[in-house]
Amino acid sequence: MTTEDFILKAKDIGKVVHGPGGDLTILHPSDVSISSNDTVAIVGPSGSGKTTLLGLLAGLDLPSSGSVELLGQHLNALSEDERAALRGRGVGFVFQSFHLLDSLTALENVMLPLELAGVAAPDTASRDILARVGLAERVHHYPNQLSGGEKQRVAIARAYAGQPRILFADEPTGNLDSNTGLEITELLFELNHQSGTALVLVTHDERLAQRCRQVIRLEAGRIVPPASRPQAVAGQS
Amino acid sequence: MKPIQFSLRQVRREWRSGELRALAFALAVSAAALTAVGAFAERVDSALTQGANELLAADLVIQSRRVPEQDWRGEAQERSLASARTLEFPTVSFAGDASLLVQVKGVSPGYPLRGTLELAEAPYGPATPALGTPAPDEAWVDPRVIAELQLTMGDTLELGDRVFRVTRTIALEPDAGGGVFGLAPRVMVDYDAVLAAGLLGDGARVQYRTLIAGDAESVSSFETWLEDRLERGQRIATLAESQQQIGRALDRARQFLMLAALTAVLLSGIAIVIAVRRFVERHLDSVAILRCLGCRQNQVLAAFALILLWLGLPAVLLGAGAGYLSQYLLVLSLGDLLPGDVPQASLTPVLTASGVSLLTLLGYGLPPLSRLRRVPPVRVLNRQLGTLSARHYLGDLTMVAFSLALIWWLSADLTLGAVMAGATLGAGLVLAAGAWLLIRGARRLARGRTLGWRYGVANLARRNRGVLLQVAGLGLGLTAIFLLGVVQRDLMSGWRNTLPDDAPNYFLINIQPAQVDAVQQQLARSGALTQGLFPIAVARLTQINGLEPSAALLDSPRAQRRIDGNVNISWAPKLTAGNTLTEGQWRDANVPGLQISLEQEWAASMRLGIGDTMAFTSGGQTVTGTVTSLREVDWDSFQPNFFISFTDVIDANLPHTFISSLYLPKEQFGQIAELVRTAPNVSVLDVGSILERVRTMIDRVSLTVQVVFVFTLLAGVVVLLAALSAGLSQRQHEGAVLRTLGGSGQQLRAALFSEFALIGAVAGVLAAAAALGAGWLLATEVFEMPYNPSWWLPAVGLAAGGLIIGVTGLLGSRSVLNTPPVVTLRQAG
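Residues numbered from 1 in each chain as written. Chains lettered and ligands numbered in written order. Predicted model: local features only at pLDDT ≥ 70, side-chain atom pairs only at ≥ 80, totals over all residues.

### What to know about the overall build of chain A
Here is the rule: Each helix is a run of DSSP H or I of at least 4 residues and each strand a run of E of at least 2, with the numbering of both proceeding from the N terminus. With C-beta atoms placed from the backbone, a residue is buried if 20 or more other C-beta atoms are within 10 Å of its own, exposed if 12 or fewer are, and partly exposed between those counts. Residues are defined as contacting one another if the C-beta atoms placed from their backbone atoms lie within 7 Å.
A tally of regular secondary structure across chain A gives eight helices and 10 strands. Burial status across chain A gives 46% buried among its 237 residues. Of all intrachain contacts in chain A linking residues separated by at least 6 positions in sequence, the fraction that spans at least 24 positions is 70%.

### So, the overall build of chain B
The helix and strand inventory of chain B stands at 25 helices and 21 strands. Sorting the 829 residues of chain B into buried and exposed places 48% on the buried side. Sequence separation of at least 24 residues holds for 85% of the intrachain contacts in chain B that already meet a minimum separation of 6.

### Some words on the pairing of strand 6 (residues 91-95) of chain A
A regular strand carries its side chains on alternate faces of the sheet. All names here are of chain A. Here is the rule we go by: Strand pairing is assigned whenever DSSP identifies at least 2 bridges connecting the two strands.
Of all five residues making up strand 6, five are buried, and the element is well covered by its neighbours. The alternating pattern of strand 6 places Val91, Phe93 and Phe95 and Gly92 and Val94 on opposite faces, both of which are buried. Pairing analysis gives five bridges linking strand 6 to strand 7 (residues 166-170), with the strands arranged parallel. Across the sheet, residue Phe95 finds its bridge partner in strand 7, namely Asp170.

### Overview of the sheet that holds strand 3 (residues 39-43) of chain A
All names here are of chain A. For the record, the criterion: A fitted line through C-alpha atoms serves as each axis, taken over the contacting stretch for helices, and the angle formed by two N-to-C directions is quoted from 0 to 180°.
Here six strands make up an open sheet; going across it, the order is 6-7-8-3-9-10 and the pairing mixed. On the outer flanks of this sheet lie strand 6 and strand 10 (222-223), each paired with one strand and no other. Together, strand 6 and strand 7 form the strand contacts of helix 5 (residues 148-161), whose direction differs from that of strand 6 by roughly 170°.

### Quick look at the interface of chain A and chain B
One widely used convention gives an interface's size as the accessible area the parts lose upon coming together. We apply this condition: Classification convention: Asp, Glu, Lys, Arg as charged; Ala, Val, Leu, Ile, Met, Phe, Trp, Tyr, Cys, Pro as nonpolar; all other residues, Gly among them, as polar.
Listed as interface residues are 22 residues of chain A and, on the opposing side, 22 residues of chain B. Listing elements by their share of the side of chain A that touches chain B, those giving two or more residues are helix 1 (50-58), helix 2 (80-90), strand 6 and helix 3 (106-116) of chain A. Of the residues contributing to the side of chain A that touches chain B, the split by class is 11 nonpolar, five polar and six charged.

### Some remarks on the nonpolar core
The test is simple: By definition, a nonpolar core groups buried Ala, Val, Leu, Ile, Met, Phe, Trp, Tyr and Cys residues that are joined through C-beta atoms within 7 Å.
A:Ile42 and A:Val200 are the most contacted members of the largest nonpolar core, which has 198 residues in total. The greatest single-element share of this core, amounting to 22 residues, is contributed by helix 22 (residues 745-783) of chain B. By size, the runner-up hydrophobic cluster in this structure holds 42 residues, among which are B:Phe642, B:Phe646, B:Phe658 and B:Ile672.

### Focus: the environment of B:Phe616
The residue B:Phe616 is located in strand 17 (residues 613-618) in this model. Each residue touching B:Phe616, except ones within four places of it in the same chain, is listed here: B:Ala539, B:Arg540, B:Leu541, B:Thr542, B:Ile569, B:Thr622 and B:Val623.

### Side note on the packing of helix 5 of chain A against helix 6 (residues 178-195) of chain A
Residue and element names in this part refer to chain A. Basically, it comes down to this: The scheme is simple: roughly parallel for angles under 35 degrees, roughly antiparallel for over 145, roughly perpendicular for 65 to 115, oblique for anything else. Rotating anticlockwise by less than a right angle from the far helix to the near helix defines a left-handed crossing, while the corresponding clockwise rotation defines a right-handed one.
Relative orientation of the contacting elements helix 5 and helix 6 amounts to 15°, with a least axis distance of 10 Å. Taken together, helix 5 and helix 6 sit at an angle that is classed as roughly parallel. Seen from above, helix 5 lies across helix 6 with right-handed handedness. Between helix 5, through Gly148, Gly149, Gln152, Arg153, Ile156 and Tyr160, and helix 6, the contact on the second element is made entirely by Thr180, Glu183, Ile184, Leu187, Leu188, Leu191 and Ser195. Looking at the contact of helix 5 with helix 6 residue by residue, the classes come out as six nonpolar, five polar and two charged.

### Notes on the sheet that holds strand 5 (residues 73-74) of chain A
Residue and element names in this part refer to chain A. With antiparallel pairing, the four strands of this open sheet are ordered in space as 2-1-4-5. Here the strands that pair on one side only, and so sit at the sheet edges, are strand 2 (22-35) and strand 5. The pairing of strand 1 (residues 6-19) with strand 2 spans 10 bridges and is classified as antiparallel. Bridging from a neighbouring strand, Lys9 pairs with Ser33 of strand 2.

### Focus: the environment of B:Ala768
Residues and elements named next belong to chain B. As for its position among the elements, Ala768 is in helix 22. By the C-beta count within 10 Å, which is 29 here, Ala768 ends up buried. Expressed as a C-alpha distance, the spacing of Ala768 and Thr479, which sit 289 residues apart in the sequence, is 6.2 Å. Dropping the residues within four chain positions of it, Ala768 is found in contact with Phe482, Leu793, Pro794, Val796 and Gly797.

### Focus on the confidence of the model for chain B
All names here are of chain B. Note the cut-off: By definition, pLDDT measures how confident the predictor is in each residue, and it falls between 0 and 100.
Across chain B, the average pLDDT comes to 79, with 79% of residues at or above 70. Of all helices and strands in chain B, the one with the weakest mean pLDDT is helix 7 (residues 239-242) (49), whereas strand 6 (residues 138-141) scores best (94). Between residues 240-244, whose pLDDT stays under 50, and residues either more than four places distant or in other chains, the model counts eight contacts. The complex model carries a pTM of 0.63, and its ipTM stands at 0.71.

### Some points on the packing of helix 11 (residues 393-411) of chain B against helix 12 (residues 414-445) of chain B
Residues and elements named next belong to chain B. Helix 12 packs onto helix 11 with a crossing angle of 150° between their chain directions and a minimal axis gap of 8 Å. On the basis of the axis angle, helix 11 is roughly antiparallel to helix 12. The two elements helix 11 and helix 12 meet at a crossing, and its hand is right-handed. Contacts from Ser403, Leu404, Ile407, Trp408 and Ser411 of helix 11 reach helix 12 at Leu416, Gly417, Met420, Ala421 and Thr424.

### Here's the deal with helix 11 of chain B
All names here are of chain B. Test applied: An expected span of 1.5 Å times one less than the residue number is assigned to each helix. An arc is given here, and it is the one of the directions from the helix axis to the C-beta atoms.
Here helix 11 spans 27 Å end to end across 19 residues, near enough to the 27 Å set by a 1.5 Å rise per residue. Among the residues of helix 11, Met399, Ser403, Leu406, Ile407, Leu410 and Ser411 are the ones counted as buried. For helix 11, the buried positions fall inside an angular range of 105° around the axis, keeping them on one side. In this structure, helix 11 carries Tyr393, Leu394, Leu397, Ala401 and Trp409 as exposed residues pointing more than 90 degrees from its buried face.

### Examining the pairing of strand 7 (residues 156-159) of chain B
All names here are of chain B. Here strand 7 shows one buried face, formed by Leu157 and Leu159, and one open face, formed by Thr156 and Glu158. Relative to strand 8 (residues 162-172), strand 7 runs antiparallel, the two being bridged by four bridges. Counterpart to Leu157 in the pairing with strand 8 is Phe164.

See the structure below:
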């Protein structure tokens, strides 16, 4: 695999926060590389630094040390607004708690990233993708009129609406029952397959992790090398 | 994202979801208050100015002791101004064998330009407004002329070479108060007729006046044009000069109204800050998502600022419209309390109020809103990572600077502006300090006692910045409300008291030295309240520091004009009531010869000070003295007061008379008539009617000010409500947690009441103290009147603040008690 194939390369990224009791290292310097079409699971116990790593990879936060190259751009060299523009162009997000705008309908929530990107006639594209996630009948419903699974479908539709090259999902099934979780997982991988988007998941769900080509396992802020991984997982990858 | 589209779409939902209704309401109230205050003040102001100008019979008067060389009326006419002329002098009039000293007034057609001359068919008969001026052979006279010359209506009287037929008696003459001293009963005749009567030879003491009236702008530009062209001996009589009392009443009225307007603006500013802070806090998550989806910082700010603007615009316009309508109804309902013709309000107040309200929205809304720019997108993953820094001094400083600019601009009066700014800053600091102490002491206060109290009070310690804001917001709202109370109770009554009910209502003038004993005895018998008799000599100022006044005042033509002609001087062995020394000593043992005390403003206008010598000449006698003191004169006292007073009885045989002022109930006028019978040359001047007009004016102004304050009060209430609702969602969440953990409704209510009551008590007591301080500042620095602070106010503030805020807070937090915990928790999740 050549460097050009990677759409995300993180080198020595670490995160230290300054607290009343002194500096606290949340993430020790780590390397991560993700290629196009890749599926990556970030797993680990609570407090191990999964969400922190996701935030850094997605450019939602900047590392205390090291550098991230996302879609060919060095995030450290970009301003807040330039990072926002980069996200608008090629990055999608799905969150555990959905993070839909309560005051917008399902359709309007999906249209939002298209409008932000200045796409003409965002309405049609958004209806299409809502139909693809099975919500053709619920386009005019507000988030508080939707079930948890439906909300997450809207969130996924929103994430894919902008045809991102990489999608970050923070425990996308964490708030859902197992059946609904399964449906959502299927949907994510299906869309990943159809659109050729790289998928980066933070999850507690081992079954979900096992479906990914690459698994990044975190413990106390460190990436555990593949050699020390449990056999079952190593065998899968 | 296109911010305009986004904001337009959002604003409908914001409105539907009710989030910004409070903000719109605050804005509408402030715009309504501003418009109402502005339009109402404009109308009342011009009505009052007009009413006061009635006492001048014009908007502007040019007066002189000589026949004017130039007729200003031509210029006035070119400027579309109305004009008229009068001349006035004392002379003896004859009717058969009887004779009487009268004050003749010649008036040209058009007189009076302002106010109404009222006439009666017979002495003291029913009065009707005069239609025109006296015909060339007609005389309209004071009823006293009829009585003293024993005339009947239609008889004739002689003035100089001419004979006039008495056809009417004068019931009310608008500018009669123009020259109080030396007034004999009035005989009013045609201007040209009196010129032809051959009475105006050398030495006649004639006062010529040219009256001008028209719209304010033309009058003002005419006045500017005139200033440099005045002839020697001519001067412009202004309201303040000729009617000190009325002039001061008007100034105070303007200041009171301005105070109300300013308070309303500041209150709306506070309401906006609180509302926008809530708006911002509610939208942190949405903004984080938008940022996450690629929205730029300025797009976020623009979109949300536009939401405020779309919501603010109609609110402001509706408010301004409502304000305009309400002032209209207000003026209508005040009816005849306002002088006859209340001019319509222009659209200026609506435009100004709308502009100022929108500016206020931006000035107070943008600094807290700009926090949205800095919402980190990582907040979508972890709310803790996305909290904003608690302090943002730049935003706070911007708002303080904006408030000061607003105060400075709106007050257009540096002293009032400085006092308001000082009071606002001071109150803010005091409240912040109080809130800090409350937060610090809360944990100690929370010990022991019931669970509700413990939890409620401990909340104060936890929420520190929120409590700080709440105490400051509530406190400033309460300060404004208390200040209105202070102004209403202490200042307004102080103002009214400057004119006590027993203020003199009669002046006795032209009492000869030989009659002093007789008059004093008669006064003592009548039981009249009087300060005694004051000598008055009419003299020429002949020397200043050994030089001719014209030479001594070479560099000040204005001062030269002022002393051209005669001045009134008096003398008294000691300082009389209503006078206060401001510089020097009444009698300085180190200064030889006679000593003089000057009224300070007169001295300043004449550029005279301690140590200057002045010489006065009258009837061939000259007296010289050295200025040893300056005095401040209480013109409100309506007592005889003098610019120039010698500090000891003058030995020289200077021709002089005595004057006195006295109070006697109107129905006892017979006592005065008795006195005049024993001393027929003494003239009685009824100032009671002038006083009556002044009192009516003060009452009228007080009422309008109170009405205007109602709007300010409303703005204060909006602030209180806004401050109370701040932090509601946090309380709801905590309440839900408490309920989930088994807390009873009773305990929750106790906790909420304790928290709000403590905040209210602290805000109340500090607000009362701040209001007293501001009242004192206003009384001493702006209104210059005595101040009797209501010391009990802080106690009331403590109790009322605690109770009212406690109960209102509890009522306002009903949703904390009524919403099922599961609903709240689900929403928070």
